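Listed below, chain by chain, are the residues.
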Amino acid sequence: MAKVALVTGGSRGIGAAISKTLKAEGYEVAATYAGNDEKAAAFTEETGIKTYKWNVGSYEDSKAGLAQVEADLGPIDVVVANAGITRDAPFHKMSPEQWQEVIDTNLTGVFNTVHPLWPGMRERKYGRVIVISSINGQKGQFGQVNYAATKAGDLGIVKSLAQEGARFGITANAICPGYIGTEMVMAVPEKVREAIIGQIPAGRLGEPEEIARCVAFLADEKSEFINGSTISANGAQFFV
Ligand code: CAA
């Protein structure tokens, strides 16, 4: 039977490429989205991938949504915590709301997505947890105190989960994309974006598919010994 994969924020940007790649690899894929019904419907129409709407920032909504996916498709073997938002501002202008929204989605959202699935993965002695962090969780970024804090936190989550899950055949790994050509990056003011591209030795933005490739590698059954690691995919912009 095909393994089941869930991708949060899986109908747009990097998440859409991950959903499509996992489907092409033979997984039964479910993608979640937060708000854009039209885009999600178009994505399902185009790909045949089922989409589910819930707010990853809510534990109760996540738990109920995940239970629905498992009722429809079977136990989730691979979970990709990809949903993320930005609320960029220099620290002196950052509001408590901008801080909290990013924490709720990018950090608590990972807890809310993985925690309800963890007991089932332990019981079945199999699981692949893949968290999409960011280059900016590794190096920090002007204007992203909130976002960088969550993405660095994501690395702490996977390193700890890896130690707890290893005995149960569960791996937890992170991917740190650099600047990828998605709506999120295109929303950065053009002048700032051009300056950032100037700092990327590859001389270009990454493609969402280049991140999806890393996910497919980590999701594989044969990747069991790769646990607690961080894969950077950033065109040589930054090394840990
Ligand atoms: N380093 C040093 N100084 C910088 C700077 C930088 N990287 N960026 C801006 N500044 C300077 C500005 O030149 C300005 O200086 P002056 O006042 O002397 O002119 C000062 O900092 C602050 O400027 P503003 O008060 O006008 O700032 P703002 O309110 O317009 O906000 C910003 C600026 C929103 C933070 C903007 O710089 C920005 O969007 N930066 C990009 C942040 C970024 O990289 N986001 C990534 C989004 S994509 C993503 O997150 C995906 C991923 O994982 C990689």
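None of these values were measured; they are calculated from a predicted model.

## Remarks on the pairing of strand β3 (residues 50-53)
Then comes step 1: As paired strands, strand β2 (residues 28-33) and β3 are joined by 4 bridges and run parallel to one another. By the bridge assignment, Thr32 is partnered in β3 with Tyr52.
Then comes step 2: Traced from β2 through helix α2 (residues 37-47) to β3, the parallel crossover comes out right-handed.

## Thoughts on the nonpolar core
Then comes step 1: Leu6, Trp54, Val69, Ile76, Val79 and Val129 are the most contacted members of the largest nonpolar core, which has 28 residues in total.
Then comes step 2: Where this core is concerned, the elements lending two or more residues are β1 (4-7), α3 (59-73), β4 (78-81), α4 (96-114), α5 (118-124), β5 (127-132), α7 (145-165) and β6 (170-177).
Then comes step 3: At 4 residues, the largest contribution of residues to this core is made by β6.
Then comes step 4: Counting residues in each nonpolar core, the second largest holds 25 residues, with Ala5, Leu22, Phe43 and Ile180 among its members.

## A few points about the pattern of salt bridges
Then comes step 1: This model, assessed by the stated rule, comprises 9 salt bridges.
Then comes step 2: In this structure, Glu221 and Lys3 form a salt bridge, with 3.4 Å as the shortest nitrogen-oxygen distance. With Glu221 in the loop between α10 (208-219) and β7 (230-233) and Lys3 in the segment before β1, this residue pair connects regions lying 218 residues apart in the sequence.
Then comes step 3: Put simply, Lys39 and Glu183 hold a salt bridge, and the shortest N to O gap is 3.1 Å. With Lys39 in helix α2 and Glu183 in helix α8 (residues 183-186), this residue pair connects regions lying 144 residues apart in the sequence.
Then comes step 4: Here Lys39 falls in the partly exposed class, since its relative accessible area comes to 38%.
Then comes step 5: Where salt bridges share partners, they join Arg12, Lys39 and Glu183 into one cluster.

## Remarks on the environment of Cys176
Then comes step 1: Topologically, Cys176 is positioned in strand β6.
Then comes step 2: Owing to a relative accessible area of 0%, Cys176 belongs among the buried residues under this scheme.
Then comes step 3: Linking Cys176 and Ala233, residues 57 residues apart in sequence, is a C-alpha distance of 6.2 Å.
Then comes step 4: If sequence neighbours within four positions are ignored, Cys176 has contacts with Ser133, Ser134, Ile135, Gln138, Leu155, Thr230, Ile231, Ser232 and Ala233.

Definitions and limits used
The numbers attached to residues start from 1 for each chain and follow its sequence in the written order. Where local features are concerned, this predicted model is filtered to residues with pLDDT of at least 70; where side-chain atom pairs are given and counted, the filter is 80 or more; whole-chain, interface and lining totals use all residues. The side-chain numbers reported here are obtained from all heavy atoms of the structure, hydrogens and water having been left aside. For two strands to pair, DSSP has to find at least two bridges joining them. Helix and strand definitions follow DSSP, with helices as H or I runs of at least four residues and strands as E runs of at least two, each counted in order from the N terminus. A clockwise path from the first strand over the helix to the second, with the strands pointing away from the viewer, defines a right-handed crossover. In this text, buried Ala, Val, Leu, Ile, Met, Phe, Trp, Tyr and Cys residues form a nonpolar core when linked through side-chain atoms within 4.5 Å. Per-residue accessibility, obtained with a 1.4 Å probe over protein chains only, is compared with the maximum for each type, and a residue is labelled buried under 20%, exposed over 50%, and partly exposed between these values. What counts as a salt bridge is simple: a side-chain nitrogen of Lys or Arg found within 4 Å of a carboxyl oxygen of Asp or Glu. Note on contacts: a residue pair is in contact if any heavy atoms of the two residues lie within 4.5 Å.

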